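Listed below are the residues making up each chain.
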Amino acid sequence: MTQKLRMASVLLLAASFAVPVFAQGDAAGVYKAKCAMCHGADGLAASSMAKSMKVLSFKAPEMLKATDAQFVASTKDGKGKMPAYNGKLTDAQIKDVVAYIRTLQK
């Protein structure tokens, strides 16, 4: 029993170190892991889930007019049904994802 508890502790410790490594991935990877399920890989929000949740395409006029600061605030604090990522993503990751979103708007 002690050996199983020790093994479980080691696995939990290893997992806790793996999460920050994943979180430091490139912007496209973070977008794919955290954003694409609702916004779509291309940012067009064309999936049935996106439509049912009324997610806007990143090419929608409102989204094209949004400032980087607005995107950062929405990502950090959440907006509507979008969850908040403050504390889940670093400020640098959020900034990089916003820059990646801008590439999807072209």
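Residues numbered from 1 in each chain as written. Predicted model: local features only at pLDDT ≥ 70, side-chain atom pairs only at ≥ 80, totals over all residues. Heavy atoms only, no water.

### Focus on the overall build of the protein chain
Within the protein chain one finds seven helices and zero strands. For the protein chain, the sequential pattern of α-helices and β-strands runs α-α-α-α-α-α-α. Across the 106 residues in the protein chain, those meeting the buried criterion constitute 28%. Counting only contacts in the protein chain whose residues sit at least 6 apart along the sequence, the fraction spanning at least 24 positions is 49%. By element, 65% of the accessible surface of the protein chain is carried by carbon and sulfur atoms, the whole surface being about 7400 Å². (Helix = DSSP H or I, 4+ residues; strand = E, 2+ residues; numbered from the N terminus. Buried < 20%, exposed > 50% of the residue type's maximum accessible area, 1.4 Å probe, protein only. Contact = heavy atoms within 4.5 Å. Areas by Shrake-Rupley, 256 points an atom, 1.4 Å probe, with all protein chains shown as cover.)

### Focus: the pattern of salt bridges
Summed over all chains, the structure comprises two salt bridges. Close ionic contact of aspartate 68 with arginine 102 constitutes a salt bridge, the shortest N to O distance being 2.8 Å. Of this pair, aspartate 68 sits in helix H6 (residues 68-77) while arginine 102 sits in helix H7 (residues 91-104), and the two are 34 residues apart along the sequence. Overall, aspartate 68 belongs to the partly exposed group, its relative accessible area being 43%. (Salt bridge = Lys/Arg side-chain N within 4 Å of Asp/Glu carboxyl O.)

### Brief notes about unusual backbone geometry
A positive phi angle, near 50 degrees, is found at alanine 45, a position not held by glycine. One can find alanine 45 in the loop between helix H3 (36-39) and helix H4 (48-52). With a relative accessible area of 6%, alanine 45 lands in the buried category. A positive phi angle, near 60 degrees, is found at lysine 54, a position not held by glycine. Its place among the elements puts lysine 54 in the loop between H4 and helix H5 (61-65).

### Brief notes about helix H2 (residues 27-34)
Of the positions making up H2, those classed as buried are Ala27, Val30 and Tyr31. In a view along the axis of H2, the buried residues occupy a sector of 100 degrees, so they form one face of it. (Arc of directions from axis to C-beta.)

### Some words on the environment of asparagine 86
Secondary-structure assignment places asparagine 86 in the loop between H6 and H7. Distance from asparagine 86 to alanine 73, taken between C-alpha atoms, is 9.3 Å for residues 13 residues apart in sequence. Excluding residues that lie within four positions of it along the chain, asparagine 86 makes contacts with Thr75 and Lys76.

### Considerations on the side chain of glutamine 105
Within the fold, glutamine 105 resides in the segment after H7. Overall, glutamine 105 belongs to the buried group, its relative accessible area being 13%. At 2.8 Å, the side chain of glutamine 105 forms a polar contact with the backbone oxygen of phenylalanine 58. A distance of 2.9 Å separates the side chain of glutamine 105 from the side chain of arginine 102, its partner in a polar contact. When near neighbours in sequence (up to four residues on either side) are disregarded, glutamine 105 contacts Phe58, Lys59, Met63, Leu64 and Phe71. (Polar contact = N/O pair within 3.5 Å; in protein donor to acceptor, adjacent residues only side chain to side chain.)

### Focus: the confidence of the model for the protein chain
On average, residues of the protein chain score 84 in pLDDT, and 76% of them reach the 70 mark or higher. The low-confidence segment residues 4-24 (pLDDT under 50) makes four contacts with residues lying over four places distant or belonging to another chain. (pLDDT = per-residue confidence, 0-100.)

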